[in-house]
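In case you want the letters, here they are:
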Amino acid sequence: MPVQAGPGKVENRRIFFLSAVFEAPARKTAASGKSSVRAKVRHCRWVHLAQLRLRDFRNYRQADLAFVPGAHVFLGHNAQGKTNLLEAIYLLATLRSFRGVGGAQMIRHEAKGYFVGGTVMGPSTHEIKAYWAPRERRLQLDGRAIRKLADYFGVLRAVVFCTEDLLLIKGAARGRRRFLDLLLAQTQPGYLTLLLRYTQALKSRNALLKSPRVDEAQLDGFSQELVTVGDALMAARQMIVPRISPLVRLAFRRIAHETDELKLEYAPSVKGDFAVALGNARARERAVRTTLIGPHRDELTLLVNEQSATLYTSEGQKRTLALALKLAQAEYLSGIHGSPPILLIDDVMGELDARRRAGFLPLLQHSRRAGGQVFMTCTEENWPAELGAELHRWRVDAGTVSPAPK
Amino acid sequence: MTQLPAPIALLTAALSRLPGIGPRSAERLALHVVQLDPTQVRTLAEALIQARERIVRCERCGALTESQPCPICGDDRRDATLLCVVERALDILSLEKSGTFKGRYHVLGGKLSPLNGVGPDDLRIAALEARLQPEGVQEVILALGSDVEGDATSHYLAKRLAPAGVRMTRLAQGLPAGSGLEFADELTLSRALEGRRAL
Ligand SMILES: [Zn+2]
């Protein structure tokens, strides 16, 4: 069925179903005396989430919360709505849930749609309003409707640490591609636009391949587009993997204290020239009726001692690896933007032993020095004693949030 | 809330079928119209009918026109060897405002869109091919949007029209990527026309 929607509606829907995230401002130039001063100045102007407003979001009928910079911990029993708060913050930053669910699952039972609003304070103040209902999506930044993602992303940057991270190691390649895409979209202006173009070219091409009689000339038109954009995507991924790999290795060593040699490798699905390879795949495509090669089939390989981490590591090592990937993401973002992203830590501390927790500390300390913000969830106050005195405690109980006494 | 009287609801429904008018603005407009002076409403209704009845598509180029062919197709001073292909009739207006182009136009009526079920047969491509030889066209300038579908349509046309032996060019990438012609200012458009490149 053809999609019947005006251009504005399509744009909005795309915003909410995006697999990737923000476009960032220009990268920081190489460190000179001058720029490090500028970096310090920027550190003082912490970007933080000052207010969070929820209506009919998950188990929250209504919540209006104000946050100062620093570390916040949401305390409460299971299923009271602690993680939902992190999910809402992540949603403001990336317009998607880190639990891998669509908008419908985030609407409170029997409500029509959810609303998540936020006030972001930093060098300038921003108001974000997102409303989502099955047939209506609205995204506003500072009172104006957002039609292009590039106008929105970068307002708030967040990195989430959650149990789902384990899928980065155990799960399908898709999750690892998404990890790369997120990192690139958060640091490379224009990457997100390329990714959207590629996705549309790919979908169009697949639609043509599925039609009863494939129009080769038309297919060719979209193939050219796929190749042009795909080449740019692959070049960007090729560039970033060697940059992130040492950060992951360092984080891994710091947490695991092991001598295991960790390596990240980019394994593009296209070998050689994309256009030629696509032409060669044409016969197989005729049988399966879908595009078989391209960046949508790329893999990010994790190797421990030259062996696939997906296959040959213990459960504990997998957890450490997942954590190392996320730590590297946060460090890479801090390095490029000169200020740390908001860290959202969902109960993973409970699963980590003291040694792994300690690996986390440098990042938390850096975030604190730089005036960043951290949000954590805990069932009981078992963590982190290391930050104890400076924690802002919140009690979460059946969809209500209140400041907790010290 | 009580229901709107039937005539207002009817008018609202009709208005909301127009592009860019949501249910709320349709209702606002309808409520405005029913409170206007009756002669004013008659003038509006008259203008709507007149406009619709007097405007037709130019049989040659597809532009919206009162005369057949349209003034541009009928103007002997325009360069018949240059043919500029656009997506919509509206795009002609944008290009004419830039004042740079002295050739003629051809409206495609859309772009290839497999996801919306729009194929080559749904576009005025056969009509375009039929114009090339009789009109002595030497250069076809593709002035389609630079989004995925616009670009793919350009690639497609370049290939399909190749046997006709005309020079094929497209607008230079002065246009913001992913947008249509209506968002481009006149300066951008005239630069894009000057910097067009071969396909
Ligand atoms: Zn005409």
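Everything that follows concerns the structure shown earlier in this document.
First, a word on what this report is: a plain description of the structure on this page. (Residues numbered from 1 in each chain as written. Chains lettered and ligands numbered in written order. Predicted model: local features only at pLDDT ≥ 70, side-chain atom pairs only at ≥ 80, totals over all residues.)

**Some remarks on the overall build of chain A**
1) Next: What chain A contains, in helices and strands, is 13 helices and 15 strands.
2) Next: The buried share among the 406 residues of chain A stands at 41%.
3) Next: Restricting the contact set of chain A to residue pairs at least 6 apart, pairs at least 24 apart contribute 74%. (Helix = DSSP H or I, 4+ residues; strand = E, 2+ residues; numbered from the N terminus. Buried ≥ 20, exposed ≤ 12 C-beta atoms within 10 Å, placed from the backbone. Contact = placed C-beta atoms within 7 Å.)

**Some details on the environment of L264 of chain A**
All names here are of chain A.
1) Next: Checked against the element boundaries, L264 lands in strand 9 (residues 262–267).
2) Next: Linking L264 and L300, residues 36 residues apart in sequence, is a C-alpha distance of 6.9 Å.
3) Next: In contact with L264, not counting residues within four places along its chain, are V241, I244, S245, V248, L300 and L302.

**Section: the sheet that holds strand 13 (residues 373–378) of chain A**
As a general point, the strands of a sheet are linked pairwise by backbone hydrogen bonds and lie either parallel or antiparallel.
Residue and element names in this part refer to chain A.
1) Next: With mixed pairing, the six strands of this open sheet are ordered in space as 8-12-13-3-14-15. Unpaired on one side and paired on the other, strand 8 (158–161) and strand 15 (400–403) mark the two borders of the sheet. The average undirected angle you get between the axes of adjacent strands in this sheet is 20 degrees.
2) Next: Both strand 12 (residues 342–346) and strand 13 contribute to a ladder of four bridges, which runs parallel. (Pairing = 2+ DSSP bridges. Axes fitted to C-alpha atoms, helices over the stretch in contact; angles between N-to-C directions.)

**A short note on the nonpolar core**
1) Next: Counting residues in hydrophobic clusters, the biggest one holds 136 residues, and the most contacted among them are I89, A324 and L344 of chain A together with V85 of chain B.
2) Next: Per-element accounting of this core gives the leading share, 13 residues, to helix 7 (residues 216–256) of chain A. (Core = buried A, V, L, I, M, F, W, Y, C linked by C-beta atoms within 7 Å.)

**Observations regarding the pairing of strand 10 (residues 299–304) of chain A**
All names here are of chain A.
1) Next: Burial of strand 10 is one-sided: the residues L300, L302 and V304 facing one way are buried, the residues E299, T301 and L303 facing the other way are not.
2) Next: Relative to strand 11 (residues 307–308), strand 10 runs antiparallel, the two being bridged by two bridges. Bridge pairing links V304 to Q307 in strand 11.
3) Next: Two successive antiparallel strands, strand 10 and strand 11, enclose a turn made up of two residues, where N305 displays a positive phi of approximately 50 degrees.

**Looking at the packing of helix 5 (residues 173–187) of chain A against helix 6 (residues 191–210) of chain A**
All names here are of chain A.
1) Next: It is at 7 Å that the axes of helix 5 and helix 6 come closest, and there the two elements cross at 135 degrees. Compared by their axis directions, helix 5 and helix 6 come out oblique. Here D181, L184 and A185 of helix 5 lie close against helix 6, whose contacting residues are Y191, L192 and L195.
2) Next: Considered class by class, the residues forming the contact of helix 5 with helix 6 number five nonpolar, no polar and one charged. (Parallel < 35°, antiparallel > 145°, perpendicular 65-115°, else oblique. Nonpolar A, V, L, I, M, F, W, Y, C, P; charged D, E, K, R; others polar.)

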